[in-house]
Amino acid sequence: MNDYRKTKKLPPLANNGAMEYQARRHSMDMGTHRVPFGHQGFTFRMKYVFDKIPGSTQVGENIAYGNLSAKAVVTGWINSPEHRKNMEGNFKYTGIGVTRNMQNQLYFTQLFAK
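Residues numbered from 1 in each chain as written. Predicted model: local features only at pLDDT ≥ 70, side-chain atom pairs only at ≥ 80, totals over all residues. Heavy atoms only, no water.

Asker: How do you make sense of the side chain of Thr94 when you look at a structure like this?
Answerer: Mapped onto the fold, Thr94 is located in strand β3 (residues 93-100). Reaching out from Thr94, the side chain makes a polar contact with the side chain of Gln110 at a distance of 2.8 Å. In terms of polar contacts, Thr94 uses its side chain to reach the backbone carbonyl oxygen of Leu111, at 2.8 Å. What Thr94 contacts, discounting residues up to four positions off in sequence, is Leu13, Ala14, Asn15, Asn16, Met19, Gln110, Leu111 and Phe112. (Helix = DSSP H or I, 4+ residues; strand = E, 2+ residues; numbered from the N terminus. Polar contact = N/O pair within 3.5 Å; in protein donor to acceptor, adjacent residues only side chain to side chain. Contact = heavy atoms within 4.5 Å.)

Below is the structure:
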């Protein structure tokens, strides 16, 4: 992600452990079908980030599943205007969570915050 941001002359995103935890939880919930694939619960994750990062004012989220690699996911997000908007956003922090389910599918969640 930061390699892509560098090509756009954007500052790198700093990893945030609290955001990583929430991203991992959401990926696990989608992978186990506890929640459907999508942004269900985003409001909760957003509030969590606001609580853990004082002064944060905006949160974004990208998700993907079934891809074979993180590189394929990032390429897909680059080719999607809505996902790319988060990638190129004026964000400072990120948290990434990935899980593999019993059917060997990968689920990716990336949170962004500023």
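Asker: Help me understand the packing of aromatic side chains in this model?
Answerer: Centre-to-centre distance and the angle between the planes together describe a pair of aromatic rings. Taken as a whole, this structure holds 6 aromatic pairs when the rule is applied. Taking the centre distance of 4.6 Å and the plane angle of 55° together, the rings of Phe37 and Tyr65 count as tilted. Of this pair, Phe37 sits in the loop between α2 (17-31) and α3 (42-52) while Tyr65 sits in strand β2 (residues 59-65), placing them 28 residues apart in sequence. Pairwise contacts between aromatic rings join Tyr21, Phe44 and Tyr48 into one cluster. (Phe/Tyr/Trp six-rings, centres within 6.5 Å; stacked < 30°, edge-to-face > 60°.)

Asker: Whenever I open this one, the UniProt feature "domain: SCP" (unreviewed entry) in the protein confuses me. Can you help?
Answerer: The UniProt record marks residues 1-112 with the feature "domain: SCP" (unreviewed entry), using the residue numbering of this structure. Within the segment residues 1-112, helix and strand shares are 43% and 21% respectively, and the terminal C-alpha atoms sit 11 Å apart. (UniProt positions renumbered as here; feature names shortened; annotations may be inferred.)

Asker: Looking at this structure, how should I read the pairing of β3?
Answerer: Regular strands have side chains that alternate between both faces of the sheet. Note that strand β1 (residues 14-15) and β3 share 2 bridges and pair parallel. Note on β3: the bridge partner recorded for Ala14 is Tyr93. Pairing of β3 with strand β4 (residues 106-113) involves 8 bridges; the strand directions are antiparallel. The residue of β4 that forms the bridge with Thr99 is Tyr107. (Pairing = 2+ DSSP bridges.)

Asker: Got a minute to help me understand the pattern of salt bridges in this structure?
Answerer: Opposite charge on two side chains permits them to pair, given that their charged atoms come into close proximity. Counted by the stated rule, this structure contains 3 salt bridges. Among the salt bridges present, the one from Glu61 reaches Arg45, with a minimum N-O distance of 2.7 Å. You can see Glu61 sitting in strand β2 and its partner Arg45 sitting in helix α3, a full 16 residues away along the chain. No difference in accessibility class separates Glu61 from Arg45, as the two residues are buried. (Salt bridge = Lys/Arg side-chain N within 4 Å of Asp/Glu carboxyl O. Buried < 20%, exposed > 50% of the residue type's maximum accessible area, 1.4 Å probe, protein only.)

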